[in-house]
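Chain and residue survey
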Amino acid sequence: KYKSTRELVHYLVDIVSKGGNFLLNVGVDGNGEIPPEGIKIMKEMGAWMKVNGEAIYETRPIAPYKEDRIAFTSKDNNVYAFYLNVKGEHMPSVVKIKSFVPVSAKSVFLMGYNHPLKWEKTGDGIEIVIPESVRKNPPCDLVWGFKLKIK
């Protein structure tokens, strides 16, 4: 029995945000072949990693690691915030992050979308505004990653 790709991506993000590694194991059938369901999941994870891999590979954990449904990683001069959406959830118009406020952020991007997003500091964190056109056609599903350029 296979876990859904959504579950696996959520596990991946959660584990990496805490400094761990995630190994995906897919067993072969009696003929030594990977079953179609395993291939399907690996392709879906590969498509998600194509968009978000920068925020996973060679990253470091950064406190507070996780806030509700948002997990964090960091690399170089970037902090990555992953919004762990639930099945069937549409991308929100505003993503609020309360526990991590960059001292100075140059820009905020949605992974897979090459235009900076509007954002602002609020009394208790930051708010990232997502354009309607992006919400209707997000660059990926399962988990949405944001890149905060901090220097």
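Reference entry: report on the structure contained in this document.

Reading the values: the criteria
Residues numbered from 1 in each chain as written. Predicted model: local features only at pLDDT ≥ 70, side-chain atom pairs only at ≥ 80, totals over all residues. Heavy atoms only, no water. Helix = DSSP H or I, 4+ residues; strand = E, 2+ residues; numbered from the N terminus. Buried < 20%, exposed > 50% of the residue type's maximum accessible area, 1.4 Å probe, protein only. Pairing = 2+ DSSP bridges. Expected span 1.5 Å × (residues − 1). Contact = heavy atoms within 4.5 Å. Core = buried A, V, L, I, M, F, W, Y, C linked by side-chain atoms within 4.5 Å.

Concerning the environment of Asn-77
Mapping Asn-77 onto the fold places it in the loop between strand E2 (70-75) and strand E3 (78-83). Taking relative accessible area as the criterion, Asn-77 reaches 37% and is therefore assigned partly exposed. On a C-alpha basis, the gap between Asn-77 and Glu-7 in space is 29 Å, while along the polypeptide they are 70 residues apart.

So, the sheet that holds E2
Two strands in a sheet stick together by hydrogen bonds in their backbones, pointing the same way (parallel) or opposite ways (antiparallel). Read across the sheet, five strands follow the order E1-E2-E3-E8-E5 without closing on themselves; strand pairing throughout is antiparallel. The open sheet has two edge strands with one neighbour each: strand E1 (66-67) and strand E5 (107-110). The sheet contact formed by E5 and strand E8 (residues 144-149) spans four bridges and is antiparallel. The residue of E8 that forms the bridge with Phe-109 is Lys-147.

Observations regarding helix H2 (residues 36-52)
Taking 1.5 Å of rise per residue, the 17 residues of H2 would be expected to cover 24 Å, and the 24 Å separating its terminal C-alpha atoms lies within 8% of that figure. The elements touched by buried residues of H2 are helix H1 (5-17), E3 and E8.

Regarding the nonpolar core
Core analysis: the largest hydrophobic core is formed by 38 residues, its most contacted members being Val-13, Trp-48, Ile-97 and Phe-146. Mapped by element, the contributors of at least two residues to this core are H1, H2, E2, E3, strand E4 (94-97), E5, strand E7 (125-129) and E8. Here Ile-97 is in contact with Glu-67, Ile-70, Phe-72, Ala-81, Asp-124, Gly-125, Ile-126 and Ile-128, once residues within four sequence places are set aside.

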